[in-house]
Amino acid sequence: MAPLDIPRYLQRLQLDAAPPTTLEGLTLLQQRHNALLPFETITSLLRDAVQIDLDSVQHKLLQAQRGGYCFELNGAFLVLLQALGFDAQALSARVLLSAVAGELTPRTHLLIRVTLEGEDWLVDTGFGSLTPTVPLRLRETAAQDTPHERYRLQRLEDGDFLLAASSGDDWRALYRFDLHAPAPVDNEVGNWYVCTHPHSSFPGQLRASLTGPDWRRTLGSGNYTQYRAGQAPDKRALRDVADVRQVLQEGFGIRLPDDPRLDPAIADWLQRWQTTAV
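Everything in this summary refers to the structure shown in the same document. (Residues numbered from 1 in each chain as written. Predicted model: local features only at pLDDT ≥ 70, side-chain atom pairs only at ≥ 80, totals over all residues. Heavy atoms only, no water.)

1. Some details on the overall build of the protein
(1) Moving on: The secondary structure content of the protein amounts to eight helices and 13 strands.
(2) Moving on: For the protein, whose C-alpha radius of gyration is 18 Å, the value lies close to the compact-globule estimate of 19 Å for 278 residues.
(3) Moving on: Projected onto its principal axes, the C-alpha positions of the protein cover 50 × 45 × 40 Å.
(4) Moving on: Within the span of the protein, comprising 278 residues, buried residues form 50% of the whole.
(5) Moving on: Contacts spanning at least 24 positions in sequence make up 57% of the contacts within the protein whose residues lie at least 6 apart.
(6) Moving on: Total accessible area on the protein stands at roughly 13,400 Å², and carbon and sulfur atoms take up 49% of it.
(7) Moving on: Separation between the mean location of the 27 positive side-chain charges and that of the 34 negative ones in the protein comes to 4 Å. (Helix = DSSP H or I, 4+ residues; strand = E, 2+ residues; numbered from the N terminus. Rg over C-alpha atoms; globule rule 2.2 N^0.38 Å. Buried < 20%, exposed > 50% of the residue type's maximum accessible area, 1.4 Å probe, protein only. Contact = heavy atoms within 4.5 Å. Areas by Shrake-Rupley, 256 points an atom, 1.4 Å probe, with all protein chains shown as cover. Lys, Arg positive; Asp, Glu negative; His and termini not counted. Charge placed at Lys NZ, Arg CZ, Asp CG, Glu CD.)

2. What to know about the environment of T131
(1) Moving on: By the element assignment, T131 lies in the loop between β4 (119–123) and β5 (136–137).
(2) Moving on: The exposure class assigned to T131 is buried, which follows from its relative accessible area of 3%.
(3) Moving on: Apart from residues no more than four positions distant in its own chain, T131 is found in contact with N34, D124, T125, G126, Y151 and R216.
(4) Moving on: Within the local environment of T131, its side chain forms a polar contact with the backbone nitrogen of F127, the two atoms lying 2.7 Å apart. (Polar contact = N/O pair within 3.5 Å; in protein donor to acceptor, adjacent residues only side chain to side chain.)

3. Digging into the side chain of T133
(1) Moving on: With respect to the helices, strands and loops of the structure, T133 is situated in the loop between β4 and β5.
(2) Moving on: By relative accessible area, which is 3% here, T133 ends up buried.
(3) Moving on: Within the structure, T133 has its side chain in polar contact with the side chain of H148 (distance 3.0 Å).
(4) Moving on: Here T133 is in contact with Q30, Q31, N34, T146, P147, H148, T211 and R216, once residues within four sequence places are set aside.

4. Quick word on the nonpolar core
For soluble globular proteins, the rule of thumb is that nonpolar side chains tend to be buried together.
(1) Moving on: With 37 residues, the main nonpolar core has Y9, L81 and V114 as its most contacted residues.
(2) Moving on: Listed by contribution, the elements that provide at least two residues to this core are α1 (6–12), α2 (23–36), α4 (54–63), α5 (70–83), β2 (87–95), β3 (107–116), β4 and α6 (184–196).
(3) Moving on: Ranked by residues supplied to this core, first place goes to α5 with eight residues.
(4) Moving on: When near neighbours in sequence (up to four residues on either side) are disregarded, L81 contacts L26, L29, F86, A88, I112 and V114.
(5) Moving on: Counting residues in each nonpolar core, the second largest holds 22 residues, with L206, V244, L248 and L256 among its members. (Core = buried A, V, L, I, M, F, W, Y, C linked by side-chain atoms within 4.5 Å.)

5. As for the sheet that holds strand β9 (residues 170–177)
(1) Moving on: Taken together, the eight strands give an open sheet; going across it, the order is β5-β4-β3-β2-β9-β8-β7-β6, and neighbouring strands pair in antiparallel fashion. The sheet is open, and its two borders are formed by β5 and β6 (144–145), each paired with just one other strand.
(2) Moving on: In the sheet, β6 pairs with strand β7 (residues 150–155) via two bridges, with the strands oriented antiparallel. By the bridge assignment for β7, Q144 is matched with Y151. (Pairing = 2+ DSSP bridges.)

6. Quick look at the packing of α4 against α5
(1) Moving on: Their axes nearest at 10 Å, the elements α4 and α5 cross at an angle of 100°. With respect to α5, the axis of α4 lies roughly perpendicular. Seen from α4, the contacting residues are L54, V57, K60 and L61; seen from α5, they are E72, L73, A76 and V79.
(2) Moving on: Classifying every residue of the contact of α4 with α5 gives six nonpolar, no polar and two charged. (Axes fitted to C-alpha atoms, helices over the stretch in contact; angles between N-to-C directions. Parallel < 35°, antiparallel > 145°, perpendicular 65-115°, else oblique. Nonpolar A, V, L, I, M, F, W, Y, C, P; charged D, E, K, R; others polar.)

If you want it as structure tokens, here you go:
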């Protein structure tokens with residue numbers, strides 16, 4: 001396995017040098033990651049297995065100018081943080097966003113815990129359209145403001161933590177997790193479930209998100225939506241394959257793979273959502 005190409009990674013984040021191992025440095029890295037490395041599921045759209053070994057991930061993110069999902073984005077970001085001297089470890093979470101009450105979902109989300117001067121922070125660059133854009137104090141129970149949504153961490157009776165995001169006057173549960181670091185094989189199993197299991201929502205689906213200082217862009221469910229602070233969301237239906245390709249390239253900065261299966265897969269995905277909308 002080749003070592004992480006730190007200079008190229010920093011270049012991808014548009015940084016001339018590594019920031020200091022401080023909260024400010026961590027925040028800068030997370031914000032650049034969210035704004036420049038998109039969450040995207042083109043590999044899952046093609047129903048291919050997602051490779052999460054470091055060689056495959058850094059080739060995809062740094063050379064192929066692609067993005068990925070949590071096992072890729074947070075997996076690579078964790079290695080970068082550790083290489084830069086941060087005290088960081090992986091955590092795994094059970095996603096609750098679409099779960100019914102009381103449902104025990106599998107551990108299919110990878111996130112990061114960073115310790116700075118004795119305080120723990122939750123860091124995430126791979127949860128799509130509701131990814132926190134700055135580190136969150138892990139043991140703070142009050143709502144925490146970010147440049148985008150407000151988030152809240154709760155300690156559950158069994159000791160797990162639950163992360164929720166504000167949704168109007170209510171809260172949406174995102175995922176629950178504990179502080180035990182998963183073994184690499186656990187990540188392999190979780191990733192395999194996400195990209196191949198028939199009950200997973202990823203195979204055959206196209207999603208993308210990218211978040212800058214005062215904006216978010218999302219693609220999913222046949223639509224492209226742009227969010228700006230203080231404005232109503234600008235949402236429109238995607239028209240055809242050419243429209244989807246243009247949005248992915250220009251709106252998310254993705255270099256699309258030269259794969260003859262891509263356009264038919266986009267067309268099939270779009271037709272399914274257009275049929276549902278009728």
